[in-house]
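# Structure assessment
One letter stands for each residue in the lines below.
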Amino acid sequence: MSGAAAFRTLQRRIPGPLRRRFAMDGASPNGSGAPPSPEGSPRAGETLISEGRATILFPSANEVFYNPVQGFNRDLTCAVLTEFARLLLQPKGIRVVIPGEEDTDAGSPQPPEEGDGASATPPRVAKAGEVCKGGLRVLEALAASGLRSIRFAKEVPGLQAVVANDCSARAKELIGRNVAFNGVGALVTPSMADARMLMYQCKADREPFDVIDLDPYGSPAHFLDAAVQAVSEGGLLCVTCTDMGVLAGNNAETSYSKYGAVSLKGKFCHEMALRIILHSLDRTANCYQRFIVPLLAVSADFYIRVFVQVFTGQGKVKASASKQALVYHCVGCGTHHLQRMGKATAHGNGFKYGAATGPPVGPTCEFCQQRHQLGGPIWAEPLHDVPFVQRVLAALERSPQRFQTQERMQGVLSGIAEELSDVPLYYTLEGLSSTVHCNTPSLLQFSSALLHAGYRVSLSHACRTAVKTDAPPAVLWDILRCWVRLHPVKRERLADTSPAARILAVEPTLQASFAIRADANPSSRKRGLKRFPENPEAFWGPKARAKAGGGISPSLQEKRKQLQNKRAQGADLEPSPCKRHKELGGATACRRGSPPLHPPDLALPRAPIKRLRKWCGF
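What counts and what doesn't
Residues numbered from 1 in each chain as written. Predicted model: local features only at pLDDT ≥ 70, side-chain atom pairs only at ≥ 80, totals over all residues. Heavy atoms only, no water. Helix = DSSP H or I, 4+ residues; strand = E, 2+ residues; numbered from the N terminus. Buried < 20%, exposed > 50% of the residue type's maximum accessible area, 1.4 Å probe, protein only. Contact = heavy atoms within 4.5 Å. Salt bridge = Lys/Arg side-chain N within 4 Å of Asp/Glu carboxyl O. Pairing = 2+ DSSP bridges. Axes fitted to C-alpha atoms, helices over the stretch in contact; angles between N-to-C directions. Phe/Tyr/Trp six-rings, centres within 6.5 Å; stacked < 30°, edge-to-face > 60°. Lys NZ or Arg CZ within 6 Å of the ring centre and 35° of its normal. Parallel < 35°, antiparallel > 145°, perpendicular 65-115°, else oblique. Left-handed = near helix turned anticlockwise from the far one by under 90°. Nonpolar A, V, L, I, M, F, W, Y, C, P; charged D, E, K, R; others polar. Right-handed = clockwise from strand over helix to strand, strands pointing away. pLDDT = per-residue confidence, 0-100. Core = buried A, V, L, I, M, F, W, Y, C linked by side-chain atoms within 4.5 Å. Expected span 1.5 Å × (residues − 1). Polar contact = N/O pair within 3.5 Å; in protein donor to acceptor, adjacent residues only side chain to side chain.

Regarding its fold elements, the chain presents 22 helices and 19 strands. Each of the 618 residues in the chain was classed as buried or not, and the buried ones make up 50%. Sequence-distant contacts in the chain: of pairs separated by 6 or more residues, those separated by 24 or more amount to 69%.

A separate point is the pattern of salt bridges. For the structure on display, the rule yields 23 salt bridges. The closest approach of N and O atoms between Glu83 and Arg86, which form a salt bridge, is 2.9 Å. Placement of both Glu83 and Arg86 in helix α3 (residues 71-89) is noted, with a separation of three residues, approximately one turn of the helix. In this structure Glu83 comes out as buried when scored by relative accessible area, which is 2%. Across the pair Asp301 and Arg408 runs a salt bridge, and its minimum N-O distance is 3.3 Å.

This paragraph deals with the sheet that holds strand β7 (residues 188-192). An order of β7-β6-β5-β8-β9-β11-β10 is seen for the seven strands of this open sheet, with the pairing classed as mixed. For this open sheet the edge positions go to β7 and β10 (290-300), each flanked by a neighbour on one side alone. Between one strand and the next, the sheet's axes are offset by a mean angle of 15 degrees, whatever the strand orientation. Strand direction decides the pairing type here: strand β8 (residues 209-214) and strand β9 (residues 231-241), joined by five bridges, are parallel. Paired with Ile212 across the bridge in β9 is Leu237.

Counted under the stated rule, the structure contains four aromatic pairs. Pairing Phe302 with Tyr303 gives two aromatic rings, centres 5.4 Å apart and planes at 75 degrees, and the pair type is edge-to-face. The same class applies to Phe302 and to Tyr303, which are both buried. A cation over a ring is seen here: Arg137 above Phe209, with NZ or CZ 4.7 Å from the ring centre.

With that settled, the discussion passes to the side chain of Asn165. On the secondary structure map, Asn165 appears in strand β6 (residues 159-166). Here Asn165 is in contact with Leu139, Glu140, Ala141, Leu142, Ala143, Ser191, Met192, Ala193, Asp194, Ala195 and Leu198, once residues within four sequence places are set aside.

On to the packing of helix α15 (residues 443-452) against helix α16 (residues 473-486), then. Interaxial distance between α15 and α16 falls to 11 Å at its minimum, and their mutual angle equals 120 degrees. Considering their axes alone, α15 and α16 lie oblique with respect to each other. α16 is crossed by α15, and the crossing has right-handed handedness. For the pair α15 and α16, the contacting residues are Gln445, Phe446, Ala449 and Leu450 in the first and Val475, Leu476, Ile479, Leu480 and Trp483 in the second. A breakdown of the residues in the contact of α15 with α16 according to their chemical character gives eight nonpolar, one polar and no charged.

Moving on, we get to the pairing of β6. Most of β6 is tucked away, with eight of its eight residues classed as buried. Taken together, the five bridges between strand β5 (residues 136-140) and β6 define a ladder with parallel strand orientation. When the bridges of β6 are listed, Val138 appears paired with Val162. Here five bridges tie β6 to β7, and the two strands are oriented parallel to one another. Bridge assignment links Val162 to a residue of β7, and that residue is Val188. For the crossover from β6 across helix α5 (residues 169-182) to β7, the handedness is right-handed.

Regions with low pLDDT should not have their predicted coordinates read in detail. Summarising the model, the chain shows a mean pLDDT of 83, and 76% of its residues fall at 70 or more. Taken as a whole, residues 597-605 scores under 50 in pLDDT and shows 12 contacts with residues more than four places along the chain or in a different chain. Note that pLDDT drops below 50 for residues 614-618; the model gives that stretch 13 contacts with residues more than four away or on any other chain.

On to the nonpolar core. Among the nonpolar cores identified, the biggest contains 55 residues, and Leu236, Leu296 and Leu413 are the most heavily contacted of them. Per-element accounting of this core gives the leading share, nine residues, to α3. Not counting chain neighbours up to four residues away, the residues in contact with Leu413 comprise Leu76, Leu296, Val389, Val392, Leu393 and Leu396.

End to end, α5 covers 20 Å across 14 residues, agreeing with the expected 20 Å (1.5 Å per residue, within 8%). Where α5 is concerned, the buried positions are Ala171, Leu174, Ile175, Gly176, Arg177, Asn178, Val179 and Asn182. Where α5 is buried, its residues meet β1 (46-51), β2 (54-59), α4 (147-155), β6 and β7. Sitting at the head of α5, Ser168 places a side-chain oxygen 3.3 Å from the backbone nitrogen of Arg170. Directly beyond the C-terminal end of α5, a positive phi value near 70 degrees is found at Gly183.

If you walk across this open sheet you meet the three strands as β13-β12-β16, and the pairing is antiparallel. If you trace the sheet from one side to the other, it starts and ends with β13 (336-340) and β16 (372-379), each paired once. Each strand axis lies, on average, 25 degrees off the axis of its neighbour in the sheet, ignoring direction. Relative to β16, helix α10 (residues 269-286) is tilted by about 55 degrees, and along the sheet it contacts β12 (324-330) and β16.

To continue, consider the environment of Ser280. Tracing the backbone through its elements, the reader meets Ser280 in helix α10. The class of Ser280 is buried, set by a relative accessible area of 1%. Counting along the chain gives 19 residues from Ser280 to Ala261, while the straight-line C-alpha distance between them is 7.8 Å. With residues up to four places along the chain from it excluded, the contact list for Ser280 reads Leu224, Lys258 and Tyr259.

Bringing unusual backbone geometry into the picture now. Between Gly358 and Pro359 the backbone carries a cis peptide bond, its omega angle lying at 5 degrees. Looking at the secondary structure, you find Pro359 in the loop between β15 (350-355) and β16. The omega torsion across Gly376 and Pro377 is 5 degrees, close enough to zero to call that bond cis. The residue Leu425 is not glycine, and still its phi comes out positive at about 65 degrees. Given a relative accessible area of 1%, Leu425 falls into the buried group.

As structure tokens, then:
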């Protein structure tokens, strides 16, 4: 079969003509779906789940995935999408209004300049739940129950159409029923297709989406190529990653195969995870002469969430290499250095691009003489667009009761707005103090010492004890040496070759002051905003994957009970023979319960008997 024939075969698997389906000027033909049960009465085995303004029918069996932990994710996405719609629709003369803004000028288009001949026509008003002609077209590529799409339709103004897609027939049927149950058939269209083929087809039809939301179970790596092509010029790409074990350094080789970057298991792993996915998005977009501009990148709970705009420009793509960096991480003291992949130098009215020079470190660490690990490449530019984050915060303040997780959103976004945007990665207080085996200074004391030394410092939303600073590592260790003078450690217990002994053997060149400064405590911390709230209930984390074809899939905690601590819980089970006991003859029963494998009077060599006593405990 030729390549063109194969592509046509795959096209036939997408139900219905896509152009007609995604035009959606009026009511959606799929909004009503199959005839549902009577309004307000779920079928047998179904429950009602309410979140935001949406209430969905959800099967009790784990046929379609749903996780209440992601409520913060969905709330944040609705808030970001509202401000993004406001930015894109203001030039079109459309005013986006949310509850609490009816009597304000927020979201109003800029008035025309005097003398430009423009008529002072009143702007159109876009409200949530209404179809906005000329508004945003949104794709939720992996919709599951359709909850997120329904919330978009009911809570985000300025939308023209929302496509809720899933490759599962059961999920599509449930989306159709939920769309009808919530009365948003004019905005939301259920779709059943492979998410990648759906986005590729929209690219081929030149009907890109203004917003694409990817929230898969696990890694989004295999959807990124299609997503960066199917999003419109300046469109918004929202991506969630829940494979934090891979991105946080537990599986560096898997991270490279999925994202093209080696992850490191350092104290900064959560921010590095954000920078790895941004690197992967930019690298994928560069293949098509496109590049990304991050608006917001958040590490929360067990996942990360990024919001990026995608633009096209050959000249800007040339600068992408200078936006990426390798990470040199010392395995002894945890010091890290960044090495840019490329450099951009001013040349006339433009820039000249070339390869960077390096490395920034020697064969071993200059502080503890240990070796370095090499990670990356990672995104080395700012993670957030601070003015955009401040717009989202301002909208939350104008509508204080809009979201259930509003207090946490305000705390996280306030912390993000205060971060040093030009400082990649961070150190942690417990990581620095444990290296030299001293007690940990308070956050205010350490931050004040950096400010007294003339450097900038901030906290990080990704870690409670993180410190982001533009101070070089030598200054950090000088501050710790001064702290150890005030709070001595027992150096006689330190090995001569340990990182602590080698760092403390050097006299500090900086005399640190730990007097508390007022500007060491950021505003969000002074106001007591909820930056790191406690989990509201037990097992507040990832849930079991939905089981295809129906049936109940065991939850993660049930699997833990089945697969862990078998001997403590299964006392009636026959004990398994001890492997080493068996290899050495097994003249008698061992502590683990293995019975004798032969009569005890059988002579055994003396050396195996000693090892048997050591391993089996008799």
